[in-house]
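# Observations on chain architecture
Spelled out from the first residue to the last, the chains are:
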Amino acid sequence: DGQLSPSAARAKLSRPAYVVVENATSDGRFINALIHAYASERLAMAIREQWLEIDQAGGKDEIPKRVRALLRERGADSRRIQALADSDRLAPNHDSKTMRTMRMLEDEQGIVVHVLHKRESENYLPMKAIASFRFGNKRFRRVYEAFKKLTAEQQDYLDMKSGFKQGTKSSAELDVEQKEMFGELPPNILRDLVGGFGSDCGCWFEDGEGKVPHYITRAVMESRCSTKPGELPAILARITNAAVPPLAAPSTSS
C-alpha cells in the first residue's frame, strides 16, 4: 500500500508469520485437521516451508505476552501475527475471561485474533472420530451414547475432556452458567457425562500413525459447525492471507 519500501517489505516477508496458540501440539493437531479437511494446500505449504509457525504461548493467559515478545524481540510484523484461542464459553451468551482477554489483545496490538465459537477445539471433533477410539471401554460407551443425545448447541459447550463435575449422590453438578442449557436433561444423561471423554481426546484429530484420519472431511467438519456455518474456512482464509505471499499478477507487457 505504499507504506513500505521494497527492501523493507522483503525483510518482513523473510520472517515467518505466526499463529500464537495455547499449546502447539494440541492446537497444531486441530489446525492440521482443518488444513486436511478443506484441502488447503497453500497453508500446508506455508507450514512445510516454515513460512508459518504455530507458536506456543504455554497457556491462554500467556498468549498476549507471547504476542508482545514476537513484536518486540523478533521484529515480527503485526499484520503477520495472529492468535487462535478456545472461547471457554460455558453457554452461548457466556462472556468468558478468555474472550475478554482476546478482545483486549486485538484492540491493543492490532492483530487478528480468532476465538473459536465452540467451547474448545475438541468440541469440533466429528462423531466418527470420537467413536473410533476406546469404544470397547464401557464407561466411554456411556459417555458417547449420552453425548449423542445432546443437541448440537449442547455439544458445543460440554467440557469434552472432563464433562460435568461429580455432585452428591452420584449426580452431576452444573455450573451456574450451564443450568439453563443442561438443567432439563434427564439425570441419567447428566450422570453419564460426568468425567467426559478424558484429557487426551484432542489426540483424536489424528490416527494412530499421527495422520489426519480419512473421515475428517470438509462435509463432516461443516456438519459439526451447524451452529456457526462458515467459521472454519474463514479462519483458514485469514491465516493463509497472512502466511502466504500473494501470487504476482501476470505481466501485461508485450
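Along each chain, numbering runs from 1 in the same order as the chain's sequence is written. Where local features are concerned, this predicted model is filtered to residues with pLDDT of at least 70; where side-chain atom pairs are given and counted, the filter is 80 or more; whole-chain, interface and lining totals use all residues. Values shown for side chains rest on all heavy atoms present in the structure; no hydrogens or waters enter the calculation.

All right, on to the overall build of the protein then. Helix and strand counts for the protein come out as 12 helices and 6 strands. Projecting the C-alpha coordinates of the protein onto the three principal axes gives extents of approximately 75 × 35 × 30 Å. Accessible area is worked out with a 1.4 Å probe on protein chains only. A residue is then buried under 20% of its type maximum, exposed over 50%, and partly exposed in between. Within the span of the protein, comprising 254 residues, buried residues form 45% of the whole. We call two residues contacting when some pair of their heavy atoms lies within 4.5 Å. Taking as baseline every contact in the protein between residues at least 6 positions apart, the subset at least 24 positions apart corresponds to 75%. Each helix is a run of H or I in the DSSP string that is no shorter than four residues. Each strand is a run of E no shorter than two, and both are numbered from the N terminus.

Looking only at helix H4 (residues 63-73), the buried set comprises Ile 63, Pro 64, Val 67, Ala 69 and Leu 70. Looking one or two residues beyond H4, the residue adopting positive phi is Gly 75, at roughly 65°.

This brings us to the packing of aromatic side chains. Aromatic pairing here means that ring centres of Phe, Tyr or Trp (its six-membered ring) are within 6.5 Å. Orientation follows from the plane angle: under 30 degrees is stacked, over 60 is edge-to-face, and everything else is tilted. What the rule picks out here adds up to 8 aromatic pairs. Between Phe 30 and Tyr 124, the ring centres sit 5.4 Å apart and the planes meet at 50°, which makes this aromatic pair tilted. Pair noted here: Phe 30 is in helix H2 (residues 24-37) and Tyr 124 is in the loop between strand S4 (112-115) and helix H6 (127-131), with a separation of 94 residues, a long-range link. Residues Phe 30 and Tyr 124 agree in their burial class; the two are buried. Feature note: the residues Phe 140, Tyr 144, Phe 147, Phe 197 and Trp 204 constitute an aromatic cluster, connected by ring pairs.

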